[in-house]
Amino acid sequence: MATPLGARGTAQRPTTRPQVLIGARVVLPTGTVPDGRVTIDGTKIAAEAPHGDVLDVTGHWLVPGFVDLHNHGGGGASFSGTAEDVLKAIHTHRLHGTTTLVASTVTDEMDFLVRQAGLLSELAEQGDLAGIHFEGPFISPCRKGAHSEALLRDPDPAQVRKLIDAARGRASMVTLATELPGGLDSVRLLAEHGVIAAVGHTDATYEQTVQAIEAGATVATHLFNAMPPLGHRSPGPIAALLEDERVTVELINDGTHLHPAALELAFRHAGPGRVAFITDAMDAAGIGDGRYLLGPLEVEVSEGVARLVEGGSIAGSTLTQDRAFQRAVTIDRLPVEDVVAALSANPARLLGLDDRVGSLEPGKDADLVLLDENFELKGVMRKGDWVVDPQLA
């Protein structure tokens, strides 16, 4: 069962003695150790601890905590809400193994986004979030998806800079339609400030996308979705993003956003080192069907699929990363090590956090997920504290 919420909405359980987890198949950067051992001392993974409390997790998998680059909310709350809403959404995803999370906003009035950036940056400073991702308003009306067209605008570098400044050093990524006026200059601005420029919600050609990559864009926002399809005469952004080794491609592996063949194409062409699984989750993640808001737009969730009430466009997902993991291994038949890279190591490296999270190595944060032989989640640890107690029966 989950541990009680602390004062700020996160699980609190001080660790007084080292913990030693034995017997699991442990996925390390060098491969899977069949009868592995992971030692936790305080908040960190340790090389050894001779007097730790031993927990036998034989028959299970131990993998790094998941790192989600692109997430709008969950548990009935969104990252466009109050601090209480944000903490609720964070905790919801921690219960599903996401121990490092970037909060994504959706298109809204600039004044609102500036204020929300201030709130989210405070929570990032406290360690609750890994950063902020601005998805919109600098996107194409032709590929707007679940964003309000009335609030879209061209990526004027001055306006992009306004959001970066409001985030007080906590802006991780901005999604742009780089073909719009100001797009390439905004990409250069983001690169200069150490913020990821992501190509997404775009109607760009192949050639325009190559220009954006040359200017400094390094991420494809939910590849295949909200961009022109791959064509044999007009290959569009998909081909440019897949072929360039500097680009990490986001994939939403929920069985709705992508056909399995498209997911396989991305993995085969980009390779397992350039894929990052994301949720693109909205409020309904971890809750269920019903009516919700995504920014100013109303969303109907039916059988786990979120669509705009007006127009019917897919509106984010209800995905959690434990489900993405299980699907990738059991349905898509991807190697466990490649899935761990897509859920943990690759996004951690992209965010510049791979010295702290993303793999089970001594000196890194004790963030881990315990899975049974069917890849069902059976425990979550964050910084040495069990967010979800091990379920070994």
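Residues numbered from 1 in each chain as written. Predicted model: local features only at pLDDT ≥ 70, side-chain atom pairs only at ≥ 80, totals over all residues. Heavy atoms only, no water.

A. Quick peek at the side chain of Asn253. Its place among the elements puts Asn253 in the loop between strand E16 (248–252) and helix H7 (260–270). Accessibility expressed as a relative area gives 4% for Asn253, which makes it buried. Once residues within four sequence positions are removed from consideration, Asn253 is found in contact with Leu263, Phe277, Ile278, Leu319, Ala324, Arg327, Ala328 and Asp332. (Helix = DSSP H or I, 4+ residues; strand = E, 2+ residues; numbered from the N terminus. Buried < 20%, exposed > 50% of the residue type's maximum accessible area, 1.4 Å probe, protein only. Contact = heavy atoms within 4.5 Å.)

B. Representation of the nonpolar core in the model. Grouped together as the largest cluster of nonpolar side chains are 74 residues, with contacts concentrated most on Phe79, Leu129, Leu223, Leu251, Phe277 and Phe325. Here this core gets six residues from one element, more than from any other, and that element is helix H2 (residues 110–125). Among all residues touching Leu251, those that are not within four sequence positions of it are Leu223, Phe224, Leu258, Leu263, Ala266, Phe267, Val275, Ala276, Phe277 and Ile278. Counting residues in each nonpolar core, the second largest holds 16 residues, with Val67, Val102, Val219 and Leu351 among its members. (Core = buried A, V, L, I, M, F, W, Y, C linked by side-chain atoms within 4.5 Å.)

C. Fine view of the sheet that holds strand E21 (residues 368–371). A sheet is described by the order of its strands in space; here six strands give the open sequence E3-E2-E7-E21-E22-E23, paired in mixed fashion. Looking at which strands have only one partner, the edges of the open sheet turn out to be strand E3 (31–33) and strand E23 (385–388). Sheet twist, expressed as the mean angle between neighbouring strand axes with direction ignored, is 25°. In this sheet, strand E7 (residues 61–64) lies alongside strand E2 (residues 25–28) in parallel orientation, the contact comprising two bridges. What sits directly across from Arg25, in E7, is Trp61. (Pairing = 2+ DSSP bridges. Axes fitted to C-alpha atoms, helices over the stretch in contact; angles between N-to-C directions.)

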